[in-house]
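For reference, the chains in residue letters:
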Amino acid sequence: MSDTKIQFINHASFTIESKDSYILLDPWFSGRVFNDSWSLIKDTDLSMIDFDKLTHVVVSHEHPDHLHFPSLKKILSKTTNNIKFLFPARNNENVEGIVSKIGYDFEYLIPREKYDIDNLIDLTCFKGGHDAALIFNIDGKILLNQNDCNLDEYETNVIRNMFPDVDALFLQYSLAGYYGNRDNPSALNAGRQRHIDTVSNFCKAFSPKTYVPFASFVYFCKEYNKYLNDWVITPEQLRHIFPTIPMQVLYYGDYFDWDSVNDSVKNEININKFKLDFESEKSIIKPEKVEPEKLISTVESFFNSLTVHSPVPEVHLEIVDHLWNVSVDLSQRRIKIIETVDPTKLSCRLPAEDVVTLFKFPWGADTINISATFDIINKNIWHSLVCFIGDLYKR
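Residues numbered from 1 in each chain as written. Predicted model: local features only at pLDDT ≥ 70, side-chain atom pairs only at ≥ 80, totals over all residues. Heavy atoms only, no water.

Overview of the layout of surface pockets
Then, in step 1: One number sums up the size of the largest pocket: a volume of about 800 Å³.
Then, in step 2: For the largest pocket, the lining is made up of 27 residues, of which H63, D148, N150, A176 and R194 are closest to its centre.
Then, in step 3: Counting residues per element, the ones that place at least two in the lining of the largest pocket are strand 12 (168-172), helix 4 (185-206) and helix 9 (364-371).
Then, in step 4: Here the residues of the lining of the largest pocket sort into eight nonpolar, twelve polar and seven charged.
Then, in step 5: Taken as a whole, the second largest pocket encloses approximately 630 Å³ of empty space.
Then, in step 6: Along its surface, the second largest pocket is lined by 27 residues, and N35, P64, F361, W363 and T367 are the ones closest to its centre.
Then, in step 7: Here the lining of the second largest pocket gets four residues from one element, more than from any other, and that element is helix 8 (residues 352-360).
Then, in step 8: Of the residues belonging to the lining of the second largest pocket, the class tally is twelve nonpolar, six polar and nine charged. (1 Å grid on protein atoms, 1.4 Å probe; cavity = no way out; pocket = protein on both sides within 12 Å on 5 of 7 lines; lining within 4 Å. Points joined across faces, edges and corners; volume = space filled by probe spheres on them. Helix = DSSP H or I, 4+ residues; strand = E, 2+ residues; numbered from the N terminus. Nonpolar A, V, L, I, M, F, W, Y, C, P; charged D, E, K, R; others polar.)

Laid out in structure tokens, this is it:
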């Protein structure tokens, strides 16, 4: 094995350093994401990263805990290097345009096609929905960075056939969105169990020599999604749930060790460090106050941008941080502020800020679902609204 080094940076970010390359993956250094609803457990110590050596930035997918534009700008403020930016191919050129404008040398990764980074490292990406798993062949060692990519059975089998011997699996292990209303513990526990089952199933599917808990070092930092913090899976709980899975629990700045698949002493030390981090006092913020005029203007702009007809009839939204509520009729392109909701049309309860997000950004429906600041009242009505909006965004 060469002198290639792999260092855990934060959340879903790590570096790979070889003689000829220095690669940074999914950098999110600080700040809140998903409409300010997620925060890192700890901000990144940038002294861990040698920006003068940096040659590549690789990002797995569009979500801002992976593709974080402020962090990308920060990187270029710390180096004059010409940085190659690698991103899985997609049908929308918006990411390419923004990243190129920031100053990176943008290049797409074609699914299932090998990309040579240097003479020791190559990379292959595999799509799972709008996400991607990234497989690095590092001087003959296979690192599968699945992050939070939900691979289907077919793609899983393709990977197994192409890479039958996986040395390391980096995979998300805890909550990352809406699973059920805050007053529905059975649904929230089922969501928690779903992540446990995901770890179990993919460890069985790929049989990695070691598993690295990954992409879950966050807390939910808004008044209306802080309830999720009571349901997260911690590294301590994960180790208890899977006592027989070979595991490397990496703390910030730690180097991955190919030869130490299950260092129980180091794992215990790092689990205790994370325990203190997860139990530390967290800053919880209230949603931004939104006046009805701004909300109406945002929704009307959305109507004006529509190029297709919507079959979604009148939907009522109960606004939890104001004394007024909202009626939206996509089929008639009509938005109204109302005092009282009609129970037969009521879809959900949420802050006004999140209604603005839903209609303002192409990815608004995705952001709302991941921020989980709402409670669904009528699942069918709510899904008819957010699925129509979400399907408009082509990726």
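Moving on from the coordinates now.
Notes on the sheet that holds strand 3 (residues 22-25)
Then, in step 1: Strand order in this open sheet of six strands is 1-2-3-5-6-7, and the pairing throughout is mixed. Where the open sheet ends on each side, the last strands, each with one partner, are strand 1 (5-10) and strand 7 (105-109). Taking the axes of each pair of neighbouring strands and ignoring which way they run, one obtains an average angle of 20° across the sheet.
Then, in step 2: As paired strands, strand 5 (residues 56-58) and strand 6 (residues 84-88) are joined by three bridges and run parallel to one another. Along strand 6, the bridge assignment pairs V58 with L86.
Then, in step 3: Most of the contacts of helix 2 (residues 94-102) go to strand 7, to which it runs at about 150°, and overall it touches strand 6 and strand 7. (Pairing = 2+ DSSP bridges. Axes fitted to C-alpha atoms, helices over the stretch in contact; angles between N-to-C directions. Contact = heavy atoms within 4.5 Å.)

With respect to the sheet that holds strand 17 (residues 334-338)
Then, in step 1: Reading across the sheet, the five strands line up as 17-16-15-18-19 and stay open at both edges, with mixed pairing between neighbours. Across the chains shown, the open sheet's two edge strands, defined by having one partner strand only, are strand 17 and strand 19 (375-376).
Then, in step 2: Against the sheet, helix 7 (residues 292-305) contacts strand 16 (325-329) and strand 17, and its axis sits at roughly 165° relative to strand 17.
Then, in step 3: Taken strand by strand, helix 10 (residues 379-391) contacts strand 15 (314-319), strand 18 (346-350) and strand 19, and its axis lies near 75° from that of strand 18.

Thoughts on the nonpolar core
Then, in step 1: I16, F136, L143 and Y211 are the most contacted members of the largest nonpolar core, which has 62 residues in total.
Then, in step 2: Setting aside residues up to four positions removed in sequence, L143 forms contacts with I6, F14, L134, I135, F136, I138, A168, F170 and W258.
Then, in step 3: If you look at the next biggest cluster of nonpolar residues, it comprises 49 residues, including V33, F302, F359 and A372. (Core = buried A, V, L, I, M, F, W, Y, C linked by side-chain atoms within 4.5 Å. Buried < 20%, exposed > 50% of the residue type's maximum accessible area, 1.4 Å probe, protein only.)

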